[in-house]
Amino acid sequence: MNWEIKPFAELTVDELYDVLRLRSEVFVVEQQCAYQDLDNSDQKALHLMGRNGEGQLLAYTRLFAPGIKYTEASIGRVVTSQLGRGTGVGRQLMEKSIATVESVYGKGPIKIGAQQYLQRFYTSLGFEQTSDTYLEDGIPHIEMIRP
């Protein structure tokens, strides 16, 4: 996997297209969830992209400084393509995301809004559930913090 981190202003048109395409493929089409993906937060985030040897975008997150999405630093729009699933790319993505947040914004708590079915995965990365289940765009979610 080839990993790259960029602020919004440095994304190329092709990179932005790949990110939006992957998010749409998974969150809108695969999960059958019509929602407003373009939420005016991309401009405030760092964008972590993981590509395979052929240059295909397989994994992506956006990373936020404390005080933007939550009081804590946060990781969002965590997504892996179907090609990347079952290969460990999702774990690599989150490990790289956590390391980047700590490197750029300092060590401290990291908050996520996780789809509930992924609770065990995020727990294995040190996150703890901090909220009751809530629906976001019709999908059960929980808030989690990595202290």
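Trainee: Tell me what's going on with the pattern of salt bridges, and back it up with residues and numbers.
Mentor: In total, this model carries 16 salt bridges according to the counting rule given. In this structure, Arg 77 engages Asp 37 in a salt bridge whose closest nitrogen and oxygen atoms are separated by 2.7 Å. Of this pair, Arg 77 sits in strand 4 (residues 73–80) while Asp 37 is found in the loop between helix 1 (13–30) and strand 2 (46–51), placing the two residues 40 residues apart along the sequence. The two residues Arg 77 and Asp 37 agree in class, both being buried. A cluster of three or more residues bridged by salt bridges with shared partners is formed by Arg 23, Asp 37, Asp 39, Asp 42, Arg 62, Lys 69 and Arg 77.

Trainee: Break down the packing of aromatic side chains for me, with residues and values.
Mentor: Under the counting rule described, the total for this entry stands at three aromatic pairs. Residues Phe 27 and Tyr 35 carry aromatic rings whose centres are separated by 6.3 Å and whose planes lie at 80 degrees to one another, so their mutual orientation is edge-to-face. The residues Phe 27 and Tyr 35 share a single accessibility class, namely buried. Following the ring pairs from residue to residue traces out a cluster consisting of Phe 121, Tyr 122 and Phe 127. In this structure, Lys 69 packs its charged tip against the face of Phe 64, placed 5.7 Å from the ring centre.

Trainee: Give me the nonpolar core: which residues, what numbers.
Mentor: Within the largest apolar cluster, 19 residues are counted, with the highest numbers of intra-cluster contacts made by Ile 75, Ile 112, Tyr 122, Phe 127 and Met 144. Of all the secondary structure elements, the ones that give two or more residues to this core are strand 2, strand 3 (57–64), strand 4, helix 2 (89–105), strand 5 (110–115) and strand 8 (139–146). Sorting elements by how many residues they give to this core places helix 2 first, with five residues. If we skip the residues at most four places from it in the chain, Met 144 touches Ile 110, Lys 111, Ile 112, Ala 114, Gln 119, Tyr 122, Thr 123, Phe 127, Glu 128, Gln 129 and Thr 130. Grouped together as the second largest cluster of nonpolar side chains are 12 residues, Phe 27, Tyr 35, Val 79 and Ile 139 included.

Trainee: A description of the environment of Arg 21 should follow, citing residues and the corresponding values.
Mentor: Its location among the elements puts Arg 21 in helix 1. Using a relative accessible area of 31% as the deciding quantity, one classes Arg 21 as partly exposed. Measuring from C-alpha to C-alpha, the distance between Arg 21 and Leu 125 comes to 27 Å, with 104 residues separating the pair along the chain.

About the cut-offs
- Each chain carries its own residue numbering, running from 1 in the written order of its sequence.
- Residues qualify for local features only when their pLDDT is at least 70, as the model is predicted, and side-chain atom pairs are given and counted only at 80 or more; totals for whole chains, interfaces and linings, by contrast, use all residues.
- The side-chain figures draw on all heavy atoms in the structure; neither hydrogens nor water molecules are used.
- A carboxyl oxygen of Asp or Glu within 4 Å of a side-chain nitrogen of Lys or Arg is what we treat as a salt bridge.
- To qualify as a helix, a DSSP run of H or I must reach at least 4 residues; to qualify as a strand, a run of E must reach at least 2; elements of each kind are numbered from the N terminus.
- Here's how the labels work: a residue is buried when its accessible area is under 20% of the maximum for its type, exposed when over 50%, partly exposed in between, all with a 1.4 Å probe on protein chains only.
- Pairing of aromatic side chains here covers Phe, Tyr and the six-membered ring of Trp, requires ring centres within 6.5 Å, and sorts the geometry by plane angle: under 30 degrees stacked, over 60 edge-to-face, intermediate tilted.
- Consider the ring centre and the ring normal. A charge sits over the ring if Lys NZ or Arg CZ is within 6 Å of that centre and within 35 degrees of that normal.
- Among the buried residues, those of types Ala, Val, Leu, Ile, Met, Phe, Trp, Tyr and Cys that are joined through side-chain atoms within 4.5 Å form a nonpolar core.
- By definition, residues are in contact when any of their heavy atoms lie within 4.5 Å.

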